[in-house]
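This is what each chain is made of:
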Amino acid sequence: MTIWNAIILGLVQGLAEFLPISSSGHLSIINNLFHLSTAEEGHMLFDVLLHLGTLVSICICYWKDIVQMLYELLSLVGAGPIGDTRQKRYPAARLFLMIIVATAMLVLIMPMKDMLEKLYYNSVFIGVMLILCGFMLYVSDRMTPGKKTETNMSILDAMLIGVAQCVAVIPGISRSGTTITAGLATGLRRDFAVKFSFLMSMPAVLGANILSLIDAFQEGVDWSSLPAYFVGMAVAMVTGVIAIRLIRRISESGRFGGFAYYCWVVGTLSIILTMIF
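Residues numbered from 1 in each chain as written. Predicted model: local features only at pLDDT ≥ 70, side-chain atom pairs only at ≥ 80, totals over all residues. Heavy atoms only, no water.

Engineer: I tried to follow the side chain of Ser-176 on my own but got confused; where do I start?
Structural biologist: With respect to the helices and strands, the residue Ser-176 is situated in helix α10 (residues 175–185). Separated by 3.3 Å, the side chains of Ser-176 and Ser-174 make a polar contact. If sequence neighbours within four positions are ignored, Ser-176 has contacts with Glu-17, Phe-18, Leu-19, Pro-20, Ser-197 and Phe-198. (Helix = DSSP H or I, 4+ residues; strand = E, 2+ residues; numbered from the N terminus. Polar contact = N/O pair within 3.5 Å; in protein donor to acceptor, adjacent residues only side chain to side chain. Contact = heavy atoms within 4.5 Å.)

This is how it looks when you write it as structure tokens:
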């Protein structure tokens, strides 16, 4: 793993993780077509660190929300369930509850884990999924956002968004794009749909990182590449912060259409290049 490879992959991970263009799809295409390895050839630890970098990005951009959730949860210890009155007094604690409900839906994909991992190496399939992702973003642009936030979204809303996150495990389908679209479809306010999408990724990414870290040490680590790993992680973190702030700004105008055209182009190119080479 060279420094330049790490920088390129960190840049792709940081931007594509939060922009609605599928980080898994982009990393797969780069790996399959240009052989810039991440999880293969002893570089699984690098893949873990890339995701850790984007996790830190969320903590940086939403640290106030995270602190508030922790504060309200501690305040509610032993105070019983959050009813209609408390949900207004402790909105951040209720937000945490909704994130847990949405994350719990990931158990639905556990039986398909091995099959989904194999799709990561099929650039034609990923190209098709990117094209479908583009259509989803095109439709989301035309949705009328609702007014729901953490104080009045329902458990069913959280479950539906969680199911959308399960679908986004498919390589080439954007996690952020899918969950934001699902949030809008359930009536969430546009800016809250973005915030919920990013915050709900934290437990999923953290859990996956812990499991992958165990696998990485079991399979062996290329310790000579460690400096490159940390460079890639830093790049993913910085570009992740930039991408989150960009999406938050774009969400104010509600225009994801440009990303739809991008996904169509990249998906088509992926299919064509795979067939040529």
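There is more to say after this.
Engineer: What should I look at first to understand the packing of aromatic side chains in this one?
Structural biologist: The description of an aromatic ring pair uses the distance of the two centres, along with the angle that the planes make with each other. Going through the model one piece at a time under the given rule, you end up with eight aromatic pairs. Taken together, a centroid distance of 5.3 Å and an interplanar angle of 85 degrees make the contact between Phe-18 and Phe-198 edge-to-face. Of this pair, Phe-18 sits in helix α1 (residues 3–18) while Phe-198 sits in helix α11 (residues 190–219), placing them 180 residues apart in sequence. The exposure class assigned to Phe-18 is buried, which follows from its relative accessible area of 1%. Exposure remark for Phe-198: the relative accessible area of 0% places this residue in the buried category. An angle of 55 degrees between the planes, with centres 5.0 Å apart, marks the rings of Phe-135 and Trp-264 as tilted. (Phe/Tyr/Trp six-rings, centres within 6.5 Å; stacked < 30°, edge-to-face > 60°. Buried < 20%, exposed > 50% of the residue type's maximum accessible area, 1.4 Å probe, protein only.)

Engineer: Looking at this model, I keep getting lost on the nonpolar core. Mind explaining?
Structural biologist: If you look at soluble globular proteins, the nonpolar side chains tend to sit buried side by side. Within the largest apolar cluster, 53 residues are counted, with the highest numbers of intra-cluster contacts made by Tyr-62, Met-153, Phe-196, Leu-199 and Phe-259. Counting residues per element, this core draws most heavily on α11, which supplies nine residues. Excluding residues within four positions of it along the chain, Phe-259 makes contact with Leu-19, Pro-20, Ile-21, Leu-137, Ile-247 and Ile-250. Counting residues in hydrophobic clusters, the runner-up holds 17 residues, among them Ala-6, Leu-9, Leu-27 and Ala-236. (Core = buried A, V, L, I, M, F, W, Y, C linked by side-chain atoms within 4.5 Å.)

Engineer: I would appreciate a short explanation of the packing of α1 against helix α12 (residues 226–253) in the present structure.
Structural biologist: A pair of packed helices can be characterised by two numbers: the angle between their axes and the separation between those axes. Contact geometry for α1 and α12: axes closest at 7 Å, N-to-C directions at 25 degrees. The angle between α1 and α12 places the two elements in the roughly parallel class. Helix-helix and strand crossings are classified by hand; for α1 and α12 the assignment is right-handed. Residue-level contacts link Ile-3, Ala-6, Ile-7, Gly-10, Leu-11, Gln-13, Gly-14, Leu-15 and Phe-18 of α1 to Pro-227, Ala-228, Val-231, Gly-232, Val-235, Ala-236, Thr-239, Gly-240, Ala-243, Ile-244 and Ile-247 of α12. For the contact of α1 with α12, the per-class residue count stands at 14 nonpolar, six polar and no charged. (Axes fitted to C-alpha atoms, helices over the stretch in contact; angles between N-to-C directions. Parallel < 35°, antiparallel > 145°, perpendicular 65-115°, else oblique. Left-handed = near helix turned anticlockwise from the far one by under 90°. Nonpolar A, V, L, I, M, F, W, Y, C, P; charged D, E, K, R; others polar.)

Engineer: So what exactly am I meant to see when it comes to helix α13 (residues 257–276) here?
Structural biologist: Because the α-helix completes a turn every 3.6 residues, residues three or four places apart line up on one side. Across its 20 residues, α13 extends 29 Å between first and last C-alpha, which sits within 8% of the 28 Å expected from 1.5 Å per residue. Looking at the buried residues of α13, the elements they touch are α2 (23–34), α8 (123–140) and α12. (Expected span 1.5 Å × (residues − 1).)

Engineer: Can you walk me through the pattern of salt bridges in this structure?
Structural biologist: In a structure, side chains of opposite charge can pair up when their charged atoms sit close to one another. Across all of its chains, the model carries four salt bridges by this definition. A salt bridge links Arg-189 to Asp-191, with the nearest nitrogen and oxygen atoms 2.8 Å apart. For Arg-189, a relative accessible area of 39% translates into the label partly exposed. One salt-bridge network, held together by shared partners, links Asp-65, Glu-150 and Lys-195. (Salt bridge = Lys/Arg side-chain N within 4 Å of Asp/Glu carboxyl O.)

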